[in-house]
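Reading the structure
Read off the chains here:
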Amino acid sequence: MQPVSTESLLAQLRWRYAVKKFDPSKKIPEATWAALEQSLVLSPSSYGLQPWRFVVITDPAVKSKLPAISWNQGQPRDCSHMVVLAARVGFSAKDVDEYVQRIVEVRGTPAEMLKDFRGMMLGSVNSMSREQLDVWTAHQVYIALGFVMSAAAMLGVDACPMEGIERAKYDELLGLPAKGYTSVVGCALGYRASDDWLAGMAKVRAKPEDVVLRIS
């Protein structure tokens, strides 16, 4: 497969910004969304355990309730697709075993051959307290956030990562606790409004030499 050029990659990353105002009339095409959804599914995680769920909200009635629990920000309402990235609560051996079974299904690897790998994963899980595990799963979610935002930029889709959400109220609205998950961060995706004040402003980033440490 031919990789994208370095010029194309950097051009799209420079094009993207955290959209402040979406055009509610513009929707992400079905095929484009399918690819973005797959970018979430394909996101890497520690051991490949994927301790997350991605709640995709397109229902206008549900989206209309989100600004009130998002510090009055309009992006969750006006974007095309609002994604709530949720982390597993109380991650346990059961989750490890479900992953092992999935490996058996996908790769055809005999479960007996995965015994040592399972033991290694359980060793890591059992070495952490419940609180530490919940912090770990929440951190994993940010990997997926970065993945979908990068994929969106490459496809010319705008995005805005949103930590400014009232997580407990999102959990209640979406029924996440009953599913064993809790919201961590949101990501609004769609297309920028023509009058978004931030769209035309220069991107401000530190000089590379100030943030990149080289050891050679």
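Residues numbered from 1 in each chain as written. Predicted model: local features only at pLDDT ≥ 70, side-chain atom pairs only at ≥ 80, totals over all residues. Heavy atoms only, no water.

Our next topic: the pairing of strand β2 (residues 81-88). Burial runs high along β2: eight of the eight residues are buried. Alignment of strand β1 (residues 52-57) against β2, held across six bridges, turns out to be antiparallel. Directly across from Arg53, in β2, lies its bridge partner Ala86. Across eight bridges, the pairing between β2 and strand β4 (residues 181-190) is antiparallel. Bridge pairing in β4 places His81 opposite Leu189. (Buried < 20%, exposed > 50% of the residue type's maximum accessible area, 1.4 Å probe, protein only. Helix = DSSP H or I, 4+ residues; strand = E, 2+ residues; numbered from the N terminus. Pairing = 2+ DSSP bridges.)

For helix α7 (residues 130-154), with 25 residues, the first-to-last C-alpha span of 37 Å sits near the 36 Å given by 1.5 Å per residue. Count one or two residues on from α7 and you reach Gly156, which has phi positive near 75 degrees. (Expected span 1.5 Å × (residues − 1).)

Taken together, the buried positions of helix α8 (residues 167-174) are Tyr170, Asp171 and Leu174. Projection of α8 onto a plane perpendicular to its axis shows the buried side chains occupying an angular sector of 100 degrees, all on one side. Opposite the buried face of α8, by more than 90 degrees, sit the exposed residues Ala168 and Glu172. Along its buried surface, α8 packs onto β1, α4 (75-78), β2 and β4. The first or second residue beyond α8 is Gly175, which carries a positive phi of 65 degrees. (Arc of directions from axis to C-beta. Contact = heavy atoms within 4.5 Å.)

A separate point is the packing of aromatic side chains. All chains considered together, the criterion is met by four aromatic pairs. Ring plane angle 40 degrees and centroid distance 5.4 Å describe the contact between Trp52 and Phe54, whose orientation is recorded as tilted. On the numbers, 5.4 Å between centres and 75 degrees between planes, the contact of Phe91 with Trp136 is edge-to-face. With Phe91 in the loop between β2 and α5 (93-107) and Trp136 in helix α7, the pair connects residues that are 45 residues apart, well separated along the chain. Trp136 gets classed as buried once you look at its relative accessible area, which sits at 16%. Among the aromatic residues, those joined into a ring-pair cluster are Tyr47, Tyr99 and Phe117. Stacked on the ring of Tyr181, the Lys or Arg Arg88 has its end atom at 5.5 Å from the ring centre. (Phe/Tyr/Trp six-rings, centres within 6.5 Å; stacked < 30°, edge-to-face > 60°. Lys NZ or Arg CZ within 6 Å of the ring centre and 35° of its normal.)

Over the atoms a probe the size of a water molecule is rolled, and this reveals where empty space is left. Scanning the entire structure with this criterion turns up one cavity of 30 Å³ or more. Quantified by volume, the largest cavity comes out at close to 40 Å³. Along its surface, the largest cavity is lined by Trp15, Arg16, Tyr17, Met149, Ala152, Ala153, Val157, Asp158 and Ala159. Among the elements of the structure, α7 and β3 (158-162) are those that each provide at least two residues to the lining of the largest cavity. No other element matches α7, which puts three residues into the lining of the largest cavity. (1 Å grid on protein atoms, 1.4 Å probe; cavity = no way out; pocket = protein on both sides within 12 Å on 5 of 7 lines; lining within 4 Å. Points joined across faces, edges and corners; volume = space filled by probe spheres on them.)

Scanning the model with the defined rule gives ten salt bridges in all. The closest approach of N and O atoms between Arg118 and Asp97, which form a salt bridge, is 2.5 Å. With a gap of 21 residues between them, Arg118 in helix α6 (residues 115-126) and Asp97 in helix α5 connect regions that are remote in the sequence. Arg118 gets classed as partly exposed once you look at its relative accessible area, which sits at 32%. Asp97 sits in the partly exposed class, given a relative accessible area of 31%. (Salt bridge = Lys/Arg side-chain N within 4 Å of Asp/Glu carboxyl O.)

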